[in-house]
Amino acid sequence: MDYIIIDNLETFGYHGVFEEEAFLGQKFLVTAKLFLDTRKAGMTDNLKESLDYGEACQVIRKIVETERYMLIERLAEAIASKLLLTFSQLHEVEITVKKPWAPIHISVDTVSVTIRRGWHKVYLSIGSNMGDREGYLDLAIDQLNALPDTKVTAVSDYLETKPYGNVEQDDFLNGALEIETLKTPKELLETTLGIEKEAHRERLVHWGPRTLDIDILFYDDLILMDEKLTIPHVEIPKRDFVLEPLSAIAPYYMHPVYHKSVIQMLGELQKKDET
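Attention in this report is confined to the structure presented alongside it. As the structure is a computational prediction, the values presented were derived from the model and not from experiment.

Regarding the overall build of the protein chain
Then step 1. Looking only at helices and strands, the protein chain features 8 helices and 11 strands.
Then step 2. A principal-axis box enclosing the C-alpha atoms of the protein chain has dimensions of 70 × 50 × 30 Å.
Then step 3. Looking at the protein chain residue by residue over its 275 residues, the buried ones come to 44%.
Then step 4. Restricting the contact set of the protein chain to residue pairs at least 6 apart, pairs at least 24 apart contribute 64%.
Then step 5. By element, 51% of the accessible surface of the protein chain is carried by carbon and sulfur atoms, the whole surface being about 15,400 Å².
Then step 6. Positive and negative side-chain charges in the protein chain, numbering 30 and 47 respectively, have mean positions lying 3 Å apart.

Now the structure itself:
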């Protein structure tokens, strides 16, 4: 990926743990590595096809000079988030915040922190079999779109399906979403659980009826397993109500563990069901 570097932008702010830092202020140096596709700009010589780094400098300067944070880690996060949300061309940023006058009473050039943040492509499954099923699915989409750091980029048609498991219950309405988000997997899980709670989801019976179910299927090509979250979702290859709507928006997305596309997994599952 191409990138633009803003190197050691000198600013003055009031960030720090100690009272004198908040009162007197100090110098901060910010380096921003901005990842974007510069091919079209390079071929056309048109600024509109690239990123105005002068404007990016002003965005950084305003955050440093007008905000107040205890930690430079928090300052770096604020700069990264603001740049990614301001400039749609950006895929990723690497931010270094240097503190030349850090009050540590030891001779040192600078104390600094470097972070790398960017947009992540995520696929979600949504389902409901209680009450206003379509309304609950629409609620999930609206709530995700309302987040400042998340946007829904594709939505499948809703699909009527039979319930999964051995619990007797009404049919489901299922769909699949593609989103782009700045959230980490665990932050996204907390968000989806919060949306389910807003829809009055109750976890009384495993695979039982629910007003709203939101599952994280894929998160980039990440493979993650812990006690709270597994990505990719372990049930993907077994569930036609997941694969069918997902195949409508991401048929050739490759499972990072099985190395099979969504449409391939759906075909194999349908063939298995026929035998």
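Topic: the layout of surface pockets
Empty pockets left among the atoms are what a rolling probe the size of a water molecule brings to light.
Then step 1. A volume near 260 Å³ is recorded for the second largest pocket.
Then step 2. In terms of lining residues, the second largest pocket is bounded by 13 residues, among which Glu77, Arg117, Leu182, Lys183 and Glu187 are the most central.
Then step 3. At the level of elements, helix H4 (72-86) and strand S4 (111-118) are the ones that each hand at least two residues to the lining of the second largest pocket.
Then step 4. Ranked by residues supplied to the lining of the second largest pocket, first place goes to H4 with 5 residues.

Quick word on H4
Then step 1. Over its 15 residues, H4 extends 21 Å from the first C-alpha to the last, a length consistent with the 21 Å expected when each residue adds 1.5 Å.
Then step 2. Taken as a whole, H4 has its buried residues at Ile72, Leu75, Ala76, Ala78, Ile79, Ala80, Leu83 and Leu84.
Then step 3. Turning to H4, the residues buried within the fold contact strand S2 (26-35), helix H3 (53-66), strand S3 (92-99) and S4.

Observations concerning a nonpolar patch on the surface
Then step 1. Side chains of Val17, Phe18, Met70 and Leu71 sit close together on the surface and give an oily, nonpolar patch of about 380 Å² of accessible area.
Then step 2. Mapped onto the elements of the fold, Met70 is located in the loop between H3 and H4.

Description of the packing of helix H7 (residues 240-249) against helix H8 (residues 262-274)
Then step 1. Packing of H7 against H8 leaves a shortest axis separation of 9 Å and a crossing angle of 140°. Relative to H8, H7 is oriented oblique. In this structure, H7 crosses over H8, and the sense of that crossing is left-handed. The residues of H8 that touch H7, namely those facing Asp240, Leu243, Glu244, Leu246 and Ser247, are Val262, Ile263, Met265, Leu266, Leu269 and Asp273.

Some thoughts on unusual backbone geometry
Then step 1. The omega torsion across Ile231 and Pro232 is -5°, close enough to zero to call that bond cis.
Then step 2. Tracing the backbone through its elements, the reader meets Pro232 in the loop between strand S11 (230-231) and H7.
Then step 3. Even without being glycine, Asn8 reaches a positive phi, approximately 55°.
Then step 4. Structurally, Asn8 is set in strand S1 (residues 3-13).
Then step 5. Residue class for Asn8 comes out partly exposed when judged on its relative accessible area of 31%.
Then step 6. For Asp220, which is not glycine, the phi torsion reads 50° and is therefore positive.
Then step 7. Within the element layout of this structure, Asp220 appears in the loop between strand S9 (213-219) and strand S10 (224-225).

A few points about a negative patch on the surface
Then step 1. Together, Asp240, Glu244, Asp273 and Glu274 make up a region of like negative charge exposed at the surface.
Then step 2. For Glu274, the position within the fold is in helix H8.
Then step 3. Residue class for Glu274 comes out exposed when judged on its relative accessible area of 69%.

Basis of the calculations
- Residues numbered from 1 in each chain as written.
- Predicted model: local features only at pLDDT ≥ 70, side-chain atom pairs only at ≥ 80, totals over all residues.
- Heavy atoms only, no water.
- Helix = DSSP H or I, 4+ residues; strand = E, 2+ residues; numbered from the N terminus.
- Buried < 20%, exposed > 50% of the residue type's maximum accessible area, 1.4 Å probe, protein only.
- Contact = heavy atoms within 4.5 Å.
- Areas by Shrake-Rupley, 256 points an atom, 1.4 Å probe, with all protein chains shown as cover.
- Lys, Arg positive; Asp, Glu negative; His and termini not counted.
- Charge placed at Lys NZ, Arg CZ, Asp CG, Glu CD.
- 1 Å grid on protein atoms, 1.4 Å probe; cavity = no way out; pocket = protein on both sides within 12 Å on 5 of 7 lines; lining within 4 Å.
- Points joined across faces, edges and corners; volume = space filled by probe spheres on them.
- Expected span 1.5 Å × (residues − 1).
- Patch = residues over 30% accessible without salt bridge, like charges linked within 9 Å, V, L, I, M, F, W, Y side chains within 5 Å.
- Salt bridge = Lys/Arg side-chain N within 4 Å of Asp/Glu carboxyl O.
- Axes fitted to C-alpha atoms, helices over the stretch in contact; angles between N-to-C directions.
- Parallel < 35°, antiparallel > 145°, perpendicular 65-115°, else oblique.
- Left-handed = near helix turned anticlockwise from the far one by under 90°.

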